[in-house]
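# Close look at the chain arrangement
Each chain is listed here by its residues.
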Amino acid sequence: SQQGEEDPQALSIQEGENATMNCSYKTSINNLQWYRQNSGRGLVHLILIRSNEREKHSGRLRVTLDTSKKSSSLLITASRAADTASYFCATDAYDKVIFGPGTSLSVIP
Amino acid sequence: ETGVTQTPRHLVMGMTNKKSLKCEQHLGHNAMYWYKQSAKKPLELMFVYNFKEQTENNSVPSRFSPECPNSSHLFLHLHTLQPEDSALYLCASSQGGTSGRETQYFGPGTRLLVL
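Residues numbered from 1 in each chain as written. Chains lettered and ligands numbered in written order. Predicted model: local features only at pLDDT ≥ 70, side-chain atom pairs only at ≥ 80, totals over all residues. Heavy atoms only, no water.

With 22 residues of chain A at the contact, the number on the chain B side is 17 residues. The junction of chain A with chain B conceals about 1500 Å² of combined surface from both sides, 48% of it contributed by carbon and sulfur atoms. Taken together, the connections running from chain A to chain B amount to zero salt bridges. Elements supplying a minimum of two residues to the side of chain A that touches chain B: β4 (31-37), β5 (43-50), β9 (85-92) and β10 (97-99) of chain A. Each residue belonging to the side of chain A that touches chain B can be placed in one class, and the counts come to eight nonpolar, nine polar and five charged. (Contact = heavy atoms within 4.5 Å. Buried area = accessible area lost by both parts, 1.4 Å probe. Salt bridge = Lys/Arg side-chain N within 4 Å of Asp/Glu carboxyl O. Helix = DSSP H or I, 4+ residues; strand = E, 2+ residues; numbered from the N terminus. Nonpolar A, V, L, I, M, F, W, Y, C, P; charged D, E, K, R; others polar.)

Looking now at the sheet that holds strand β7 (residues 64-70) of chain B. Residues and elements named next belong to chain B. Pairing in this open sheet of four strands is antiparallel, and the strands run β1-β3-β8-β7 from one edge to the other. Because the sheet does not close on itself, it has two edges, and the strands there are β1 (4-7) and β7. Neighbouring strand axes in the sheet, compared pairwise and without regard to direction, differ in orientation by 20° on average. Where β7 lies against strand β8 (residues 73-79), five bridges are found, and the strand directions are antiparallel. Looking at the pairing, Phe 64 lines up with Leu 78 of β8. (Pairing = 2+ DSSP bridges. Axes fitted to C-alpha atoms, helices over the stretch in contact; angles between N-to-C directions.)

In structure tokens form, the structure reads like this:
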């Protein structure tokens, strides 16, 4: 498996539901970031969580980090159709930043 | 708008052509990156420039040649490409320096098709 690997690969939910995506990694990290990418466009930074933090919030986003399990989760609450996108975690392992393959989220109106 | 622009947005080229991709950032950053994104594959880091110096080259074939004339501009020169080089090429920038990889700001990408 890769340094950063999201799970599930694809997720389909109804508008208003919550969406949870997970990211697992292998080595020690300095921080972990989540990015969103709308179809065929560039990535947009969502949130950064440092290795000494356990939880962070930004609007409808909640990110957790468990360094003992080497995993992070991204929760999007009260999802909207506009949240339809691919979501990537990026791990900063001190010498380089590595992106995972992403979770494709579809929010059905 | 993220402050990072890329031109062209779409490019179709033959295998014998020479073309260049351009990236410009208006964020005052000192680090710039080229990524390749192919269908069903993770984002692949190609090159990193920090204060105009190339600091990473991830075994990219020589048919891709980067150029960073200043901290605001980054080019990717393409020549004799192969059909498997068709992909979305993304440019990004970050603050740079020893701790400046943290948040990267991405351009919209150039969709390249090699025939």
